Amino acid sequence: MNKPLSAVTLPSACPHDCPSTCALDVELLDATTVGRVRGAVENSYTAGVICAKVARYAERIHHPARLLKPLQRVGAKGAGEWREISWEDALDRLAEEFLKAEARHGSEAVWPYHYAGTMGLVQRDGIHRLRHAKRYSNQFDTICTNMAWTGWFAGTGAMRGSDPREMAVSDCVVIWGTNAVATQVNVMTHAVRARKERGASIVVIDIYDNATMKQADLALKLRPGTDAALACALMHVAFRDGTADCAYLARYTDDPEGLEAHLRTRSPQWAAAITGLSVEEIEAFAALIGRTPRTFFRLGYGFTRQRNGAVAMHAALSVPAVYGHWRHEGGGAFHSNSDIFGLDKSEIMGAADRDPSVRALDQSRIGAVLTGDAAALSNGPPVAAMLIQNTNPANVCPEQRLVRQGLMREDLFVCVHEQFMTDTAKLADLVLPATMFLEHDDIYRGGGQNHIVLGPRVVDAPSTVRTNHFVIEELARRLGVADRPGFGLSERQLIDRMLKKAGYDGGFDALSRERWIDKQPDFETAHFLTGFDWPDGKFRFKPDWAGSRAPNRPPESLGPQGPVADLPEFPDHAVLIETADAAHPYRLATSPARQFLNSTFAETKGSRQREGGPQLLIHPQDAAREGLASGALVTIGNARGAVRLALSVSDTVKPGVLVHEGLWANSDFLDGEGINTLTGADPVAPFGGAAFHDNRVWLRG
């Protein structure tokens, strides 16, 4: 009678802001208790492997500090004084504040603010349905993908590439600007398989000796913001040594002769002086990819988070075009498959009510928006009320002091729908407890792979928490727009209708049995052998940076983004970064930590213990000059502010470069200010974005 019941295993999908979108097998101990979480072996991309932080998800979903009751602020903003409130009263209050803001300043004074705390299409994107129905301010999404996508699209004209599973049949896998061991472990699954089964070489290009670089056969550690110079030198060598694929160039690219002429002075010697690599390292890399047709470039996001990031992506992407790697299975390049899935989210997002004349506010410039910058507000009314879902701007956004100052305004009402008392929730007027991904239905598409994956509810949520979908539906009812398109449907109904519209006739029920849909295009389409997605079918070495279509162009109301006139005609090193100077002798990068995902998992014991605490990596040469040792408390700063934290002396970084890993909570820092105090929100050319890894700073012991 006392024998424990056997656990059952149910299917799910990882919801987090990671390109892998892993298919999961979740052990359920009872109706409310999660056990082990594993990668689905049958999924050809996940291949049974997931990151350690998601494998420990039971620690997060059953965390004792999880938010379980709606809370209303009763003391001063940020003082941490709350009282419990019923869901009915909380939603009534939120609707009332939205109506008051609208009455004072017009509907654009309300700004629903969200991002990718969940990548589920229903729970993430349903906030737009309310936004459009009520004509609330739009959000221009710039914080993550814009430089990378703009640079990739500038060459190919589409957001797709070689099948990411082809890394396993490659003879050389180039992992450029992404710490895959920490941020997308499945890249390593397929790359390491190629090394074991084919003797493939793994090349890693990054700015410090992170966990991925330690797996490399050839590790290239360059200065931040100099990736395009390396790419130019590789292409220079190809033309110099005759390893450029002239037949491919003539058929598939726009101006190979002009590119060759442009690159004549971009020699390895030129690039070595810029990148900090040796001439020998650059020549060895060029020789390797020159003799290896099956070279696969896995291009990440990290190296694009510079003020020349779009140019860097385009330059790196140009390399396999010059060498003709696209011709071969296991060759070419991949960044994101965002274009392949064919799912129409218009009903989820309420697109029928979207009015392009309603202003859009740049999510990365939330500090300027909330502190009344006229240009950031498009010369419109102030933001007077916000609902924040799926993001933690007081911690993750640049210019953190401005963000906090704006959120602390007494005339701004902020409701945060969250799972934990984040830095943003601490500054709110109303905090609502949210479900986690195992507690609701949703559907996911993997930008870093090729599957649509269903994530059905597998465990009962605590009775006092609610889904994002519930909150949006209830607000619509209170605000008088529940009759607008897309409202009144359950999560399952929205998913079912979207799947059937996409031609998947079985809808939700069939996908719940089959678990995922493989949407990878055929070889010729994925490798652009039928032509690139421009009218002439050619890869563009000469992009029209300002004039061409792009995945995420800014609305006209926001005007030009960054120094567009300074972008180069051909791939080149664009000197747009925050270069070190006498007053700011160091370059700072805010790199991801292995155990965190943005600010998620920074609350779990296992992740915190493994990361240890906020620290700053510095080269021994710099530490000796400063007279400092590991463990010393230092302050780093620039015009945006200053942050105090512990030093870690390590030759994993280059001289003159400082690296801080992870988005620790602001309260984990000695003075309560997080690392994004130091990052800038000035838009990156040509279409905006935040240059998180591009900061010059001073250091004081």
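Structural data are supplied above this passage.
Residues numbered from 1 in each chain as written. Predicted model: local features only at pLDDT ≥ 70, side-chain atom pairs only at ≥ 80, totals over all residues. Heavy atoms only, no water.

Brief notes about helix α18 (residues 400-407)
Those residues of α18 lying buried are Q400, V403, G406 and L407. Seen from one end, α18 has its buried residues packed into an arc of 125 degrees, which puts them on one side. Structurally, α18 contributes buried residues whose contacts are with α16 (366-370), α17 (393-396) and β15 (413-418). (Buried < 20%, exposed > 50% of the residue type's maximum accessible area, 1.4 Å probe, protein only. Helix = DSSP H or I, 4+ residues; strand = E, 2+ residues; numbered from the N terminus. Arc of directions from axis to C-beta. Contact = heavy atoms within 4.5 Å.)

Some points on the packing of helix α12 (residues 268-275) against helix α13 (residues 279-290)
Relative to each other, α12 and α13 sit at 120 degrees, their axes nearing to 8 Å. Accordingly, the angle class assigned to the pair α12 and α13 is oblique. Crossing hand, α12 versus α13: right-handed. Contact residues: α12 offers P268, Q269, A271, A272 and T275, while α13 offers V279, I282 and E283. Across the contact of α12 with α13, the residue classes break down as five nonpolar, two polar and one charged. (Axes fitted to C-alpha atoms, helices over the stretch in contact; angles between N-to-C directions. Parallel < 35°, antiparallel > 145°, perpendicular 65-115°, else oblique. Left-handed = near helix turned anticlockwise from the far one by under 90°. Nonpolar A, V, L, I, M, F, W, Y, C, P; charged D, E, K, R; others polar.)

Remarks on the pairing of strand β14 (residues 385-389)
The buried fraction of β14 is high, at five of five residues. Burial along β14 is two-sided: the face carrying A385, L387 and Q389 and the face carrying M386 and I388 are both buried.

Quick word on the side chain of T600
With respect to the helices and strands, the residue T600 is situated in the loop between β20 (586-591) and α23 (605-611). Those residues in contact with T600, other than ones at most four positions away along the chain, are H16 and R60.

Notes on unusual backbone geometry
A cis amide bond links A685 with the next residue in sequence, P686, at an omega value of 5 degrees. Relative to the helices and strands, P686 is located in the loop between β24 (657-661) and β25 (695-700). With a phi close to 55 degrees, E399 is a non-glycine residue in the positive phi region. Checked against the element boundaries, E399 lands in the loop between α17 and α18.

Let's talk about the pattern of salt bridges
For the structure on display, the rule yields 47 salt bridges. The partner of D171 in a salt bridge is R198, and the shortest N-O contact between them spans 2.9 Å. Here D171 is found in the loop between α6 (146-156) and β8 (172-176), whereas its partner R198 is found in helix α8 (residues 185-198), with 27 residues between them in sequence. For D171, a relative accessible area of 25% gives the class partly exposed. R198 gets classed as partly exposed once you look at its relative accessible area, which sits at 37%. One salt bridge in this structure joins D241 and R240, with 2.6 Å as the shortest N-O distance. (Salt bridge = Lys/Arg side-chain N within 4 Å of Asp/Glu carboxyl O.)

Some thoughts on the sheet that holds strand β4 (residues 71-73)
For sheets, the rule is that strands pair by backbone hydrogen bonds, running either parallel or antiparallel. Ordered by their spatial adjacency, six strands build an open sheet running β5-β4-β16-β15-β14-β6, and the pairing between neighbours is mixed. On the outer flanks of this sheet lie β5 (82-84) and β6 (110-114), each paired with one strand and no other. Taking the axes of each pair of neighbouring strands and ignoring which way they run, one obtains an average angle of 20 degrees across the sheet. Pairing between β14 and β15: five bridges, direction parallel. Residue pairing across strands places Q389 opposite H417, the latter belonging to β15. The strands touched by helix α19 (residues 468-479) are β14, β15 and β16 (430-433); relative to β14, the strand with the most contacts, the crossing angle is about 155 degrees. (Pairing = 2+ DSSP bridges.)

Considering the pairing of strand β23 (residues 641-649)
Taken together, the four bridges between strand β21 (residues 615-618) and β23 define a ladder with parallel strand orientation. Bridge assignment links Q615 to a residue of β23, and that residue is A646. Relative to β23, strand β22 (residues 633-638) runs antiparallel, the two being bridged by six bridges. By the bridge assignment for β23, N638 is matched with G641. With antiparallel pairing between neighbouring strands as the criterion, β22 and β23 make up a hairpin whose turn holds two residues.

Brief notes about the packing of aromatic side chains
Throughout the structure, instances matching the rule amount to 16 aromatic pairs. Arranged with centres 5.7 Å apart and planes meeting at 85 degrees, the rings of F153 and W534 form a pair that is edge-to-face. Of this pair, F153 sits in helix α6 while W534 is found in the loop between α22 (523-526) and β20, placing the two residues 381 residues apart along the sequence. In this pair, the class of F153 matches that of W534, namely buried. Taken together, the aromatic side chains of W152, W326, F528, F532, F539 and F541 make up a single cluster linked through ring pairs. Positioned over the ring face of F470 is R466, at 5.4 Å from the centre of the ring. Sitting above the plane of the W698 ring, R700 keeps its charged end 3.7 Å from the centroid. (Phe/Tyr/Trp six-rings, centres within 6.5 Å; stacked < 30°, edge-to-face > 60°. Lys NZ or Arg CZ within 6 Å of the ring centre and 35° of its normal.)

Notes on the nonpolar core
Of all hydrophobic cores here, the largest spans 82 residues; its most connected members are L24, V383, M386, L616, I636, L658 and L699. Aside from chain neighbours lying at most four places away, what touches I636 is L588, L616, G641, A642, V643, L645, L658, I675, L678, W698 and L699. Formed by 66 residues, the second largest nonpolar core is a distinct cluster that contains V203, A231, L249 and F570. (Core = buried A, V, L, I, M, F, W, Y, C linked by side-chain atoms within 4.5 Å.)

Points about the packing of helix α9 (residues 227-241) against α12
Closest axis-to-axis distance for the α9/α12 pair is 9 Å, and the angle between their directions is 170 degrees. Overall, the two elements α9 and α12 adopt an arrangement that is roughly antiparallel. Where α9 approaches α12, its residues A229, L230, C232, A233, H236, V237 and R240 are matched on the opposing element by P268, W270, A271, I274 and T275. In terms of residue class, the contact of α9 with α12 is made up of nine nonpolar, two polar and one charged.

From the geometry alone we can't say anything about function, so treat these as descriptive.
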